[in-house]
Amino acid sequence: MSSAGNEASATDDIVRVVEGGYCIGCGACAYAAPAAVEMVESKYGMPVARIRAEATPAHRALATSVCPFGTPTEDETSLGEQLFGAAVPMHEELGRVVSTHAAQVVEGAFRENGSSGGMGSWLAVEFLRAGLADAVVHVGAITGAQAGETLFEYAISRSERDVLSRSKSRYYPITLTQVLAEVRTTEGRYVFVGIPCVLKALRLVAMKDEVIRSRIALCIGLVCGHLKTRRFAELLAWQMGVPPQELLAFDFRHKLPGAQANQYGVAATQAPAAGGSTQSVISPVRELFGYDWGLGFFKPKPCDFCDDVVAELADVTIGDAWLPQYVKDSKGTNVVIVRNPVVRTLVERAAVEGRLALDALSAADVVKSQASGFSHRREGLAYRLWMTRKRGEWAPRKRVEPAAFEHDRSFRRKHELRAAVARESHRAFAEARDAGQLRIFFKRMTPLVEQYRDLNRTLARRVAARLRRWFHAASGK
């Protein structure tokens, strides 16, 4: 892949990121350059950077240098080579790869308590057990959180019990600012768990901060379709009878016995009334409007300008094995992409010991398990970059060349509708939330969703027709 995008000075890139709506809220800039940036929450439920009026060019340049959506000199390809070495094979979609697997944790309650096969928490605990790390930095529920407030944050776990208590995926925006400050002032080696953009920010910080660099024992990456704002949990909970101001806790991946792995549920916990107790409501995701990941409800703009699906800068990446041979198992199975030989040794040894069920899986199958994500962040990204350039706007430099797709009007319309759905979801929910009326959101979003689904049905019929013509031609009928 090659570089593309508008050139800009490093001093001003952080301003372009913030003003252009490309801030993902990771908080790396506020940690590295607090004189330049502070973190605030937007009206759409996202932490975002705010440039301080007194920020000097040097301060802004430092903030840019750690921003995953600025234009630092290093992209995921060059950083991956520095981290893992040129001798580790390079894969076009997966980055540097030592080995790829499908895995399920057999020992303990890792799989039962995890979102999928349990590998994320198991890997973190295995590093603690082996003495390779002292603590785990990962996302967990905020202790003592009040109803209607932020539900999750980066936390530090120092025991297996604590790690397990913070297992499962959280589709929620989180900042690194405070936890990096704690890591810097507390000696030890840390396992970091995060999505691609957050781990890129961490690696960029480590290039500038020797203390942080020395304290990274392992990075566990999570395959990412896109991030969500806080409003995603609020929308789902509201449909289940728990309004935003009463939402106390949320489980994004509640396993439903007997259902396929991709047909899980969610659980919302409502704050108790005076003298009462908390109440939890569970619903299958298929019954809730807006959970369809392809629709992109509450997707932050920068997610549409990311070209890293599988956290290429992680020592090991885990995701859901959305493959026919695994998807029917309601307990879940992980795809595992290993880039660090130490991780490969741990995983293979645990399989021999019967603590993991480990299958060989080709890189092609891993890509297939995340096919829609790669399509959106390769061909789809190329078109979005072209559209941005056509409007004369700045966009982050990516490893994908802009492309117009002039002869594929349906493709263009599909990606234009996706962007419109994401954009409108933020605005519509803000209005519904302010008015206290969920129906406002449904009224504004339903026409867009129907347009998108109608287009997909049309495209599916065209593909089916092409396949029939090919079959008849091939069979001589």
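Since we're looking at a predicted model, the values are computed, not measured. (Residues numbered from 1 in each chain as written. Predicted model: local features only at pLDDT ≥ 70, side-chain atom pairs only at ≥ 80, totals over all residues. Heavy atoms only, no water.)

Engineer: How should the overall build of the chain be read in this particular structure?
Structural biologist: In terms of regular secondary structure, the chain is built from 18 helices and 15 strands. Its C-alpha radius of gyration of 22 Å places the chain within 12% of the 23 Å reference for a compact globule of 477 residues. Considered along the principal axes of its C-alpha atoms, the chain spans approximately 70 × 65 × 60 Å. Counting every position in the chain, which comprises 477 residues, the buried fraction comes to 54%. Within the chain, contacts between residues separated by at least 24 positions form 70% of all contacts whose residues are at least 6 apart in sequence. Taken together, the 63 basic and 52 acidic charged side chains of the chain have centroids lying 6 Å from each other. (Helix = DSSP H or I, 4+ residues; strand = E, 2+ residues; numbered from the N terminus. Rg over C-alpha atoms; globule rule 2.2 N^0.38 Å. Buried < 20%, exposed > 50% of the residue type's maximum accessible area, 1.4 Å probe, protein only. Contact = heavy atoms within 4.5 Å. Lys, Arg positive; Asp, Glu negative; His and termini not counted. Charge placed at Lys NZ, Arg CZ, Asp CG, Glu CD.)

Engineer: Before we go on, may I ask you to explain the packing of helix H4 (residues 76-84) against helix H9 (residues 196-208) in this structure?
Structural biologist: The relative placement of two packed helices is expressed as an angle between their axes plus a distance between the axes. Close contact between H4 and H9 brings their axes to 12 Å; oriented N to C, the two are set at 60 degrees. The handedness of the crossing between H4 and H9 is left-handed. In contact with Glu76, Leu79, Gln82, Leu83 and Phe84 of H4, H9 contributes Lys200, Arg203, Leu204 and Met207. Its residues assigned to classes, the contact of H4 with H9 shows five nonpolar, one polar and three charged. (Axes fitted to C-alpha atoms, helices over the stretch in contact; angles between N-to-C directions. Left-handed = near helix turned anticlockwise from the far one by under 90°. Nonpolar A, V, L, I, M, F, W, Y, C, P; charged D, E, K, R; others polar.)

Engineer: Teacher, can you tell me more about helix H17 (residues 409-435) here?
Structural biologist: Along an α-helix, residues three or four apart share an orientation, since each turn contains 3.6 residues. For H17, spanning 27 residues, the distance from its first C-alpha to its last is 38 Å, which sits close to the expected 39 Å at 1.5 Å a residue. Gly436 occupies a position one or two residues after H17 and carries a positive phi of about 70 degrees. (Expected span 1.5 Å × (residues − 1).)

Engineer: Help me understand the sheet that holds strand S12 (residues 279-284) in this model?
Structural biologist: Strand pairing within a sheet occurs via backbone hydrogen bonds; the two strands may be parallel or antiparallel. Read from one edge of the open sheet, three strands run S10-S11-S12, paired in antiparallel fashion. Each having just a single partner strand, strand S10 (247-254) and S12 make up the two edges of the open sheet. Strand-to-strand twist across the sheet, computed as the mean angle between neighbouring axes with direction ignored, equals 15 degrees. Sheet analysis places S10 next to strand S11 (residues 265-270), joined by five bridges and oriented antiparallel. Among the inter-strand pairings, Asp251 is bridged to a residue of S11, identified as Ala267. (Pairing = 2+ DSSP bridges.)

Engineer: Would you mind going over the confidence of the model for the chain with me for this structure?
Structural biologist: Detailed reading of the predicted model is not advised wherever pLDDT is low. For the chain, per-residue confidence averages 91 on the pLDDT scale, and residues scoring 70 or more make up 93% of the total. Confidence drops under pLDDT 50 across residues 1-8; counting only partners more than four residues distant or on other chains, this segment forms 28 contacts. (pLDDT = per-residue confidence, 0-100.)

Engineer: What am I meant to see in the nonpolar core here?
Structural biologist: A general tendency of soluble globular proteins is for nonpolar side chains to be buried together. Ranked by size, the top nonpolar core spans 98 residues in total, and within it Phe192, Ile212, Phe250, Phe297 and Phe441 carry the most contacts. Contacts of Phe297, omitting those with residues within four sequence positions, involve His226, Lys228, Leu235, Phe289, Gly290, Val421, Ser425, Phe441, Met445 and Val449. Membership of the second largest hydrophobic core comes to 27 residues, among which are Val105, Ile318, Leu346 and Ala350. (Core = buried A, V, L, I, M, F, W, Y, C linked by side-chain atoms within 4.5 Å.)

Engineer: So what exactly am I meant to see when it comes to the environment of Gln451 here?
Structural biologist: Mapped onto the fold, Gln451 is located in helix H18 (residues 438-475). For the pair Gln451 and Val421, spaced 30 residues apart in the sequence, the C-alpha separation amounts to 9.9 Å. Among all residues touching Gln451, those that are not within four sequence positions of it are Arg413 and Leu417.

Engineer: Sorry, what's going on with the packing of helix H11 (residues 231-239) against H17 here?
Structural biologist: At their nearest, the axes of H11 and H17 sit 11 Å apart, and the two run at 55 degrees to each other. If you check the angle between H11 and H17, you find them oblique. Handedness of the crossing formed by H11 with H17: left-handed. Counting all contacts with H11, which are made through Arg231, Glu234, Leu235 and Trp238, the residues of H17 involved are Phe429, Ala432 and Arg433. (Parallel < 35°, antiparallel > 145°, perpendicular 65-115°, else oblique.)

Engineer: Looking at this structure, I do not really get the packing of aromatic side chains. What am I missing?
Structural biologist: Aromatic ring pairs are reported here in terms of the distance separating the ring centres and the angle at which the planes meet. Counted by the stated rule, this structure contains 25 aromatic pairs. Taken together, the aromatic side chains of Phe152, Tyr171, Tyr172, Phe232, Phe250, Phe252, Tyr264, Tyr291 and Trp293 make up a single cluster linked through ring pairs. Between Lys228 and the ring centre of Phe232, over which it is positioned, the NZ or CZ distance is 4.6 Å. The side chain of Arg253 reaches across the aromatic face of Tyr264, ending 4.2 Å from its centre. (Phe/Tyr/Trp six-rings, centres within 6.5 Å; stacked < 30°, edge-to-face > 60°. Lys NZ or Arg CZ within 6 Å of the ring centre and 35° of its normal.)

Engineer: Mind showing me how you'd approach the pattern of salt bridges here?
Structural biologist: Applying the stated criterion across every chain, the model contains 32 salt bridges. Put simply, Glu38 and Arg52 hold a salt bridge, and the shortest N to O gap is 3.9 Å. With Glu38 in strand S1 (residues 37-41) and Arg52 in the loop between strand S2 (47-51) and helix H3 (57-65), the pair connects residues that are 14 residues apart, well separated along the chain. Across the pair Arg230 and Glu41 runs a salt bridge whose closest N-O atoms are separated by 2.8 Å. With Arg230 in the loop between strand S9 (216-222) and H11 and Glu41 in strand S1, this pair connects stretches of sequence that are 189 residues apart. Salt bridges linked by common partners bring Glu107, Glu126, Arg129, Glu160, Glu353 and Arg355 together as one network. (Salt bridge = Lys/Arg side-chain N within 4 Å of Asp/Glu carboxyl O.)

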